[in-house]
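# Commentary on secondary and tertiary structure
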Amino acid sequence: MSRTPDKEFSAEPSILVTVDGQELRLSDEVFYMPSRPQAHQLVRSYFDISTPFFQFLHLGTVTSLVESLYQQVAEQQAAREAISQSQITLLLMIFAAATFDDTGETSSTNSGGESFLEAAQRRLQKESGAPSLDSVQARLVECLHLLSTRHANEVYSKFGTTVALIITLGLHRRRRPGGYKSEIGAVEHECRKRAFWAAYVLDRYLSVMGGRPRTLQDFDTDQDFPARVHDDELTFEGTKPRDGQFDYWPVSAPIALLKYILYDE
């Protein structure tokens, strides 16, 4: 996920408001954001409930976004200096998905999952400027969340927009060997691949369930499969293997499924 704030929002005033130096509110919303501990718990809940195959986000990057969001409150920074609009939208989508699926104490925030979802959707509708990986990720979270909450019909149109952004960003194409080292880093390079292949399988699923033609065609695609690595093995420079041996099944299962879909139809 890109950490560079969107340029089209650089001239806007702060998009965050604090009350009594504690509670955090988006300036164009009436509800309050969860506290920092609640936000981290929602992120952990989201990663716990998402299946291994559809885990296209990077835990360390999302955790850093939460820290950036709340750190600026303590330092009274302008929101645009720490986190972009599309990154806030992504966090809102994650909060929405985690709140709907989490039955524990963390779901009792100042606003429910519907508030997070509606706020994120309003931001997606107002999105302008160049597309970003953060926006694609937010839309994928939205599509999967709507599927899980029985809003399948709404997913078809939203997924079409997501695919258009994927093509515009070139996520369906392989980047030249070693190119990420001087451009976007290994983490974002891997997240680009994860996002595309998650969309690819979702496209197949929607096609089968709805009896509609697929949007992503094999002859347009030469993207590599995601690497068989855990999130804590990825750094900006590359892959840092864990010490000792461990079970690769959680990261191998999605690759096996992709190969089955592509080669064993």
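Just above, that's the structure.
Residues numbered from 1 in each chain as written. Predicted model: local features only at pLDDT ≥ 70, side-chain atom pairs only at ≥ 80, totals over all residues. Heavy atoms only, no water.

### Here's the deal with the overall build of the protein
As a reminder, the rule being used: Numbering goes from the N terminus for both helices and strands, where a helix is a DSSP run of H or I of at least four residues and a strand is a run of E of at least two. Buried residues are those whose accessible area, probed at 1.4 Å on protein chains only, stays under 20% of the maximum for their type, while exposed residues exceed 50% and partly exposed ones sit between those limits. Residue contacts follow a heavy-atom distance rule, with two residues in contact if any of their heavy atoms lie within 4.5 Å.
Secondary structure summary: the protein contains 9 helices and 2 strands in total. Helices (α) and strands (β) of the protein occur, in sequence order from the N terminus, as β-β-α-α-α-α-α-α-α-α-α. Sorting the 265 residues of the protein into buried and exposed places 49% on the buried side. Here the analysis covers contacts within the protein between residues at least 6 apart in sequence; of these, 71% occur between residues at least 24 apart.

### Things to note about the packing of aromatic side chains
What counts, and what does not: Each aromatic pair joins two rings of Phe, Tyr and Trp (for Trp, the six-membered one) with centres within 6.5 Å, and gets the label stacked for planes under 30 degrees apart, edge-to-face for over 60, and tilted for any other angle. Charges are assigned to positions over rings by a cutoff of 6 Å between ring centre and Lys NZ or Arg CZ, combined with an angular limit of 35 degrees from the ring normal.
Tallying each qualifying case throughout the model produces 6 aromatic pairs. Centroid distance phenylalanine 196 to tryptophan 197: 4.9 Å. Interplanar angle 75°. Geometry classified as edge-to-face. Residue classification places phenylalanine 196 among the buried residues on the basis of a relative accessible area of 0%. Taken together, the ring pairs connect Phe196, Trp197, Tyr200 and Phe225 into an aromatic cluster. The side chain of arginine 212 reaches across the aromatic face of tyrosine 156, ending 3.7 Å from its centre.

### Things to note about the packing of helix α7 (residues 152-169) against helix α8 (residues 185-210)
Formally: Structural elements are reduced to axes, namely lines fitted to C-alpha atoms, with helices fitted over the stretch in contact, and the angle between N-to-C directions of any two is expressed from 0 to 180 degrees. Definitions for this section: a left-handed crossing has its near helix turned counterclockwise from the far helix by less than a right angle. A right-handed crossing has that turn clockwise. Amino acids outside the nonpolar list (Ala, Val, Leu, Ile, Met, Phe, Trp, Tyr, Cys, Pro) and the charged list (Asp, Glu, Lys, Arg) are all regarded as polar, and Gly is one of them.
For the pair α7 and α8, the least separation of the axes is 11 Å and the interaxial angle reads 145°. Two packed elements cross with a definite hand, and for α7 against α8 that hand is left-handed. In this structure, α7 uses Val155, Tyr156, Phe159, Ile166 and Leu169 to contact α8, whose residues at the interface are Arg192, Phe196, Ala199, Leu202, Asp203, Leu206, Met209 and Gly210. Tallied by class, the residues present in the contact of α7 with α8 amount to 10 nonpolar, 1 polar and 2 charged.

### What about the pattern of salt bridges?
If charged atoms from side chains of opposite charge come close, those side chains can pair. Inclusion rule: A side-chain nitrogen of Lys or Arg and a carboxyl oxygen of Asp or Glu constitute a salt bridge if their distance falls within 4 Å.
Inspection of the entire model under this criterion finds 10 salt bridges. Between glutamate 67 and arginine 36 there is a salt bridge whose closest N-O contact spans 2.8 Å. Here arginine 36 lies in helix α1 (residues 36-49) and glutamate 67 lies in helix α2 (residues 59-75), a separation of 31 residues in the sequence. On the basis of relative accessible area, glutamate 67 is assigned to the partly exposed category, the value being 30%. When its relative accessible area of 27% is taken as the criterion, arginine 36 is described as partly exposed. Close ionic contact of lysine 193 with glutamate 190 constitutes a salt bridge, the shortest N to O distance being 3.2 Å. Within this pair, lysine 193 and its partner glutamate 190 are both found in helix α8, separated by 3 residues, close to a single helical turn. Taking relative accessible area as the criterion, glutamate 190 reaches 4% and is therefore assigned buried. Three or more residues joined by partner-sharing salt bridges are found here, namely Glu142, Glu154 and Lys158.

### Section: the packing of helix α5 (residues 113-125) against helix α6 (residues 133-148)
Put simply, the test is: Orientation categories follow fixed angle ranges, with anything under 35 degrees roughly parallel, anything over 145 roughly antiparallel, 65 to 115 roughly perpendicular, and all other angles oblique.
For the pair α5 and α6, the least separation of the axes is 11 Å and the interaxial angle reads 135°. For the element pair α5 / α6, the angle class is oblique. In terms of crossing hand, the pair formed by α5 and α6 is left-handed. Residues Leu117, Gln121 and Leu124 of α5 form the contact with α6, whose participating residues are Ser135, Arg139, Glu142, His145 and Leu146.

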